Amino acid sequence: MNVILIGSGGREHALAWKIAQSPMLTKLYILPGNPGMAAHGENVPIEVGDHAAIVRFAQEKNADLAVVGPENPLAAGLADALLGAGIKVFGPKQAAAEIESSKVFSKDFMSRHAIPTARYAAFTDFQKACDHLGAIDYPVVIKASGLAAGKGVLIPETTADAQDVLRQVMVSREFGAAGEAVVIEERMSGPEVSLLAFTDGTTIRPMVPSQDHKRIFDGDRGPNTGGMGAYAPVPVCPPMLVDELVRTILQPAVDGLRAEGRPFVGALYAGLMLTAGGPRVIEFNCRFGDPETQVILPLLETDLLEIALACAEGRLADVDVRWKAGAAASVVMASGGYPGKYATGLPISGLEVETPDSFVFHAGTKLVDGKVCTGGGRVLCVTGWGADIRAALDAAYARIGKIEFEGAQYRKDIGWRILGGVS
Ligand code: AMP
Ligand code: GLY
């Protein structure tokens, strides 16, 4: 198979790494890719937003499958464009991607299909949103409805703070058009789990559950980031609970989208909170998670390309998706200053020191004079694996110890909630 993979982050590096292991693969093209991904295929300098160039390239190369990593091109209709040109796609069309790209759609959809989630109301009018705050008696979370690169969720402490947040989002438009509509929802509490599933629009196959660490500092302190580390599987989400989540959340979501004429093909991501009142959806995403993918794929035993093609061809029911025993853990090495301002172009050393129980996924790197340098906020995602989470973390941290770049920062406590304290 000739496969094109769209994207350039740590998630896409993990996808490239896994696809390259497939006996079904003839050639992998990565658009645009990153220096780490070049080891698994050919990087092609076409940007993810240039849909016309992507379609032309896929046709020229007789691509048998396109795999789309990030949400932005999916929300902008890249899958529709590729399908229109006769290219098979692992990734949803624009209408199905709305489950992530519009939080108002997503919440209304969950309520239409009785999928458990926090109580909410949606607003486009600032004054009406403020009046609603006065009328409810529970703590809230305020979300810009559109895509905001993971930054559009705000957790105010008081009603006055909540009004300020509404003003920032709806009046000052700090998240641009993403803030045209907002969702005000009840604040929930409990452990968080990411449960993703492969789906062809009808059948679903759950992946191993994982847990992200969104805050920049140890102990879950400091501002939110794109994700600083993850591990899988998650002890608070054993197989029996996965079955229940499939039955009550993921299957109803896939069935509901299909019933509404928006069949979802690809990776459906449910961000969940295990509350005292039962599991609730925090959000759906229309793609793999980052850094969740970097811990999920090392545990996948079945050929990823076989699964992705079966999803695109509507025959996932024929595929037996198997997982390895053991655990995986990822630790993100970020640029000094991230998630605020940071420098790029700093040389990275130690990447050549390989170990058998770890892999370094590139998240934001670039070549400067042929040398791998920092190129983004999240720079590397170092993944380790082993018999259990402790062994996986030890493998990841041992590998990190060999890598250096100026200002590097990473969390020392990934997995702390289950291991009890700083690891
Ligand atoms: P999101 O970008 O939607 O994943 O939200 C970012 C984070 O905000 C989540 O991982 C949760 O920690 C938190 N969050 C979002 N919605 C809620 C909610 N209704 N109650 C409590 N925390 C929430
Ligand atoms: N790790 C969170 C996300 O991919 O949205």
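Scroll up to find the structure.
Because the structure is a prediction, the values reported are computed rather than measured. (Residues numbered from 1 in each chain as written. Chains lettered and ligands numbered in written order. Predicted model: local features only at pLDDT ≥ 70, side-chain atom pairs only at ≥ 80, totals over all residues. Heavy atoms only, no water.)

**Student:** I'd like a rundown of the site of ligand 1, residues and numbers included.
**Tutor:** Of all residues adjacent to ligand 1, which total 13 residues, the nearest are E185, M188, E192, K214 and E283. Isolated, ligand 1 exposes 470 Å² of accessible area, and the fraction of that covered by the protein chains is 90%. For the shell around ligand 1, the secondary-structure elements that each account for two or more residues are β7 (140-144), β9 (182-186) and β17 (278-285). Partitioning the shell around ligand 1 into residue classes produces five nonpolar, no polar and eight charged. (Near = heavy atom within 4 Å. Areas by Shrake-Rupley, 256 points an atom, 1.4 Å probe, with all protein chains shown as cover. Helix = DSSP H or I, 4+ residues; strand = E, 2+ residues; numbered from the N terminus. Nonpolar A, V, L, I, M, F, W, Y, C, P; charged D, E, K, R; others polar.)

**Student:** Can you break down the site of ligand 2 residue by residue, with the values?
**Tutor:** Contacts to ligand 2 come from D212, K214, G226, Y269, N285, R287, G289, D290, P291 and E292. In the environment of ligand 2, an oxygen atom lies 2.9 Å from a nitrogen or oxygen atom belonging to the side chain of R287. D290 places a polar main-chain atom, nitrogen or oxygen, 2.9 Å from a nitrogen atom of ligand 2. If ligand 2 stood free it would expose 200 Å²; the protein chains cover 88% of that surface. (Polar contact = N/O pair within 3.5 Å; in protein donor to acceptor, adjacent residues only side chain to side chain.)

**Student:** I'd love a proper account of the sheet that holds strand β16 (residues 266-275), names of residues and values included.
**Tutor:** Judged by pairing direction, the sheet is antiparallel, and its four strands sit side by side in the order β11-β10-β16-β17 without closing on themselves. What marks the edges here is a single partner per strand, and that holds for β11 (204-206) and β17. Along the sheet, successive strands turn relative to each other by an average axial angle of 35°, direction set aside. As judged from the seven bridges shared by β16 and β17, these two strands associate in the antiparallel manner. Bridge assignment links A270 to a residue of β17, and that residue is F284. Contacts from helix α9 (residues 239-259) reach β10 (192-199), β11, β16 and β17 within the one sheet, and its direction differs from that of β16 by about 125°. (Pairing = 2+ DSSP bridges. Axes fitted to C-alpha atoms, helices over the stretch in contact; angles between N-to-C directions. Contact = heavy atoms within 4.5 Å.)

**Student:** Any details on unusual backbone geometry? Residues and values, ideally.
**Tutor:** It is generally the case that most residues other than glycine have a negative phi and that most peptide bonds are trans. Backbone torsion omega between D290 and P291 reads 20°, so that peptide bond is classified as cis. One can find P291 in the loop between β17 and α10 (292-296). Of note, the bond from Y338 into P339 is cis; its omega dihedral lies within 30 degrees of zero at 5°. With respect to the helices and strands, the residue P339 is situated in the loop between β18 (327-334) and β19 (358-362). A positive phi angle, near 50°, is found at N62, a position not held by glycine. The phi torsion at R173 lies on the positive side, around 55°, for a residue other than glycine.

**Student:** Could you give me a rundown of the packing of helix α5 (residues 94-101) against helix α6 (residues 103-112), with the residues and numbers involved?
**Tutor:** It is at 6 Å that the axes of α5 and α6 come closest, and there the two elements cross at 95°. Taken together, the axes of α5 and α6 lie roughly perpendicular to each other. Across the interface between the two elements, E98, I99, E100 and S101 of α5 pack against K103, F105, S106 and F109 of α6. (Parallel < 35°, antiparallel > 145°, perpendicular 65-115°, else oblique.)

**Student:** I'd love a proper account of the nonpolar core, names of residues and values included.
**Tutor:** Counting 71 residues, the largest nonpolar core has I4, L31, L82, F284 and L380 as the members making the most contacts within it. Take this core: its biggest share by element is nine residues, from α9. The residues touching I4, leaving out its near neighbours within four places in the chain, are Y29, L31, I54, F57, A58, A63, L65, A66 and V67. Core analysis: the second largest hydrophobic core is formed by 48 residues, L5, I30, V265 and A334 among them. (Core = buried A, V, L, I, M, F, W, Y, C linked by side-chain atoms within 4.5 Å. Buried < 20%, exposed > 50% of the residue type's maximum accessible area, 1.4 Å probe, protein only.)

**Student:** Tell me about the environment of G7, and please be specific about residues and values.
**Tutor:** With respect to the helices and strands, G7 occurs in strand β1 (residues 2-7). Each C-alpha atom, one on G7 and one on V48, is 6.3 Å from the other, the two residues being 41 residues apart in sequence. Sequence-distant contacts of G7, that is, excluding residues within four places in its chain, are made with E12, I30, L31, P32, G33, M37, V48 and P70.

**Student:** Explain the packing of aromatic side chains to me, using residue names and the numbers behind them.
**Tutor:** One pass over the structure, following the stated rule, counts 11 aromatic pairs. With centroids separated by 5.5 Å and ring planes inclined at 40°, the aromatic side chains of W17 and F359 adopt a geometry described as tilted. Note that W17 is positioned in helix α1 (residues 10-19) and F359 in strand β19, a separation of 342 residues in sequence. With 6.2 Å between their ring centres and 45° between their planes, Y397 and Y410 make a pair best called tilted. With a gap of 13 residues between them, Y397 in helix α12 (residues 389-400) and Y410 in the loop between α12 and α13 (416-419) connect regions that are remote in the sequence. With relative accessibility at 24%, the residue Y410 sits in the partly exposed group. Three or more aromatic residues joined by ring pairs form one cluster here, namely W17, F359, F361 and W385. Note that R287 overlies the ring of Y269, its terminal NZ or CZ placed 5.8 Å from the centroid. Between K412 and the ring centre of Y410, over which it is positioned, the NZ or CZ distance is 4.3 Å. (Phe/Tyr/Trp six-rings, centres within 6.5 Å; stacked < 30°, edge-to-face > 60°. Lys NZ or Arg CZ within 6 Å of the ring centre and 35° of its normal.)

**Student:** Explain the packing of helix α7 (residues 126-135) against helix α8 (residues 159-171) to me, and be specific about the residues and the numbers.
**Tutor:** Here α7 crosses α8 at 160°, and the two axes come no closer than 10 Å. By the angle class used here, α7 and α8 are roughly antiparallel. Pair α7 / α8 crosses with right-handed handedness. Between α7 and α8, the residues in contact are F126, A129, C130 and L133 and T159, A162, Q163, L166, R167, M170 and V171, respectively. Here the residues of the contact of α7 with α8 are counted per class, giving eight nonpolar, two polar and one charged. (Left-handed = near helix turned anticlockwise from the far one by under 90°.)

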